[in-house]
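Fold and geometry: a report
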Amino acid sequence: MNRDSNMGTAYMQATDLELLGSAARRAAAYLQSIGTRRVAPDAAAIRELDQLTGKLPDEACEPFNLMEILDRIGSPATVATAGGRYFGFVIGGALPSAVAASWLASAWGQNAALRVMSPVSAALEDASLGWVRDLLGLPAECAGALVTGATVANFTGLAAARHELLERAGWDVENDGLSGAPPLTVLVGDEVHVALVKALGMLGLGRKRVVRVPVDGQGRMRPDELPALDRRTLVCIQAGNVNTGAFDPAREICGRARDAGAWVHVDGAFGLWAAASPKYRHLTDGFELADSWATDAHKWPNVGYDCGIALVRHASALRAAMAIGAAYLAAGDLREPGHYTPEMSRRARGIELWAALRSLGRSGVAELIERTCGYAQRFAEGLREAGYEILNDVVINQVLVSFGSAEVTRSVIDRVQREGTCWCGGTEWQGRVAMRISVSSWATTAEDVEVSLAAIRRIAARPV
């Protein structure tokens, strides 16, 4: 596309503006209709995707035609995670304020690596990280990083831990690597999330070298089973088990770790946000004593994908693990975002996080958490009344339900997903096959819950 180099010429031509308007109208129409469509696409819509694949054509595609094709074929093949009846994978919908901010941020096209590259994204990132620290009840001096999700947030916090523990032993891991380094002991609960294990593997700490600590019937780490800790021990605890929503006993574990000089890292992808609710804050008691934390904003509080958050008590450890320098990477006196994250070039996701939190306010974040947790309680109540077994204590937004044998439960899950009223995933919990219901979206209403509950009960009542 040719552009006049004259600075006085408008960058966007009239047809470009019309294209953007068309995209906005199509997006708005999609969101407006999402409450009345199937949650999962049907087989016919998925087959139509073949029209979008194959060899790249030689000729260009006219942009308006491109948008029409993308909307006509792509929209029916999406999963309605933006709606109110998707209860899988702890996926929250995106708040309208976050969606709108995302559109504006895309138009701005900012690279959030350095403050000089985007003063606005740096300022909004600083502000939103401060708000997150405050909402989660974490120390004000924590350094923070905005990343893609909890996997990279765990990676980032654990990288800071690796740096600090090895520096104490006189080893510079960033420059000298791990070959020959003093060994570290990594403790995880037996119900550790795979994202944290993946992060440990990427850091060279090993997926199988971890020491697994036994857990109780809800997946909580048992402090009485902790081995001896020392200054080269990394203890990884959970705020919100992905299946049950349970919280490790952080105060006791962190107390023992502090006495021994060990580092405690928290995988709190969604559960850590319970701290923002007066009703559920007690569940996060003691987690503020840890040394690093990983969470997501695209679960609670519904920022949209992607937005993970890493926070580290010792800013120097995070910066040492992540910062690099070069003559052309001019750094100022203020915090440089790219010095605290694995990425250099990075999208300005702090704009959407800022918009979501500012639109909700402290009371709105609390209400979102409490409302969705209340809906989870309603699911558990309704399914228990129908004679089905709830396998977990429903402490926040996670419900595990068994419909009988493993075969029957799997059949119910499959039929619910294919029927289309709602979408719930499957899991295995301590030897039992279960449906997992995760209520995470601002868009979910009491009516969505009742309609979905009725569909699940209706389908479960039919013979396999």
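The following paragraphs examine the structure supplied in this document. (Residues numbered from 1 in each chain as written. Predicted model: local features only at pLDDT ≥ 70, side-chain atom pairs only at ≥ 80, totals over all residues. Heavy atoms only, no water.)

1. A few points about the state of the cysteines
Think of a disulfide as a covalent bridge from one cysteine sulfur atom to another cysteine sulfur atom. Scanning the model with the defined rule gives zero disulfides in all. With no disulfide of its own, Cys142 has Cys254 as its nearest cysteine by sulfur position, at a separation of 12 Å. Cys307 forms no disulfide, and the closest cysteine sulfur to it belongs to Cys142, at a distance of 17 Å. Residue classification places Cys307 among the buried residues on the basis of a relative accessible area of 0%. (Disulfide = S-S within 2.5 Å. Buried < 20%, exposed > 50% of the residue type's maximum accessible area, 1.4 Å probe, protein only.)

2. What about the sheet that holds strand S10 (residues 425-429)?
Strand order in the open sheet formed by four strands is S8-S9-S11-S10, with antiparallel pairing between adjacent strands. If you trace the sheet from one side to the other, it starts and ends with strand S8 (389-390) and S10, each paired once. As defined by bridge partners, strand S9 (residues 398-402) adjoins strand S11 (residues 432-438) across four bridges and the pair is classed as antiparallel. Note on S11: the bridge partner recorded for Val401 is Met435. Across the sheet, helix H11 (residues 350-385) touches S8, S9 and S11, and the angle it forms with S9 is around 15 degrees. (Pairing = 2+ DSSP bridges. Helix = DSSP H or I, 4+ residues; strand = E, 2+ residues; numbered from the N terminus. Contact = heavy atoms within 4.5 Å. Axes fitted to C-alpha atoms, helices over the stretch in contact; angles between N-to-C directions.)

3. Overview of the environment of Ala461
In this structure, Ala461 sits in helix H13 (residues 446-461). Along the backbone, Ala461 and Asn241 are 220 residues apart, and their C-alpha atoms lie at a distance of 29 Å.

4. Considering the layout of surface pockets
For the largest pocket, the calculated volume is near 1,000 Å³. Those elements that provide at least two residues to the lining of the largest pocket are helix H1 (14-33), helix H3 (63-74) and helix H4 (96-108). A per-element tally of the lining of the largest pocket places H1 first, with eight residues. Of the residues that constitute the lining of the largest pocket, the class distribution is 22 nonpolar, eleven polar and three charged. Its boundaries defined by the atoms lining it, the second largest pocket holds a volume of some 330 Å³. For the lining of the second largest pocket, a count of residues per class yields nine nonpolar, two polar and two charged. (1 Å grid on protein atoms, 1.4 Å probe; cavity = no way out; pocket = protein on both sides within 12 Å on 5 of 7 lines; lining within 4 Å. Points joined across faces, edges and corners; volume = space filled by probe spheres on them. Nonpolar A, V, L, I, M, F, W, Y, C, P; charged D, E, K, R; others polar.)

5. So, the packing of helix H6 (residues 150-168) against helix H8 (residues 194-202)
Direction vectors running N to C along H6 and H8 enclose 50 degrees, while the axes themselves pass 8 Å from each other. Taken together, the axes of H6 and H8 are oblique relative to one another. As H6 packs across H8, the resulting crossing turns out to be right-handed. Of the residues in H8, those in contact with Thr151, Asn154, Phe155 and Leu158 of H6 are Ala195, Leu196, Lys198, Ala199, Leu200 and Met202. Each residue belonging to the contact of H6 with H8 can be placed in one class, and the counts come to seven nonpolar, two polar and one charged. (Parallel < 35°, antiparallel > 145°, perpendicular 65-115°, else oblique. Left-handed = near helix turned anticlockwise from the far one by under 90°.)

6. Overview of the environment of Leu104
Looking at where Leu104 falls in the secondary structure, it is placed in helix H4. On the basis of relative accessible area, Leu104 is assigned to the partly exposed category, the value being 45%. Sequence separation between Leu104 and Ile351 is 247 residues, and the spatial gap between their C-alpha atoms is 9.0 Å.

7. A few points about the packing of H1 against H3
Orientation of H1 relative to H3, taken along the N-to-C sense of each, is 10 degrees, at an axis distance of 10 Å. When the interaxial angle is binned, H1 and H3 end up roughly parallel. Residues Thr15, Glu18, Leu19, Ser22, Ala23 and Arg26 of H1 touch H3, and the partners they reach there are Pro63, Phe64, Met67, Glu68 and Asp71. Grouping the constituent residues of the contact of H1 with H3 by class yields five nonpolar, two polar and four charged.

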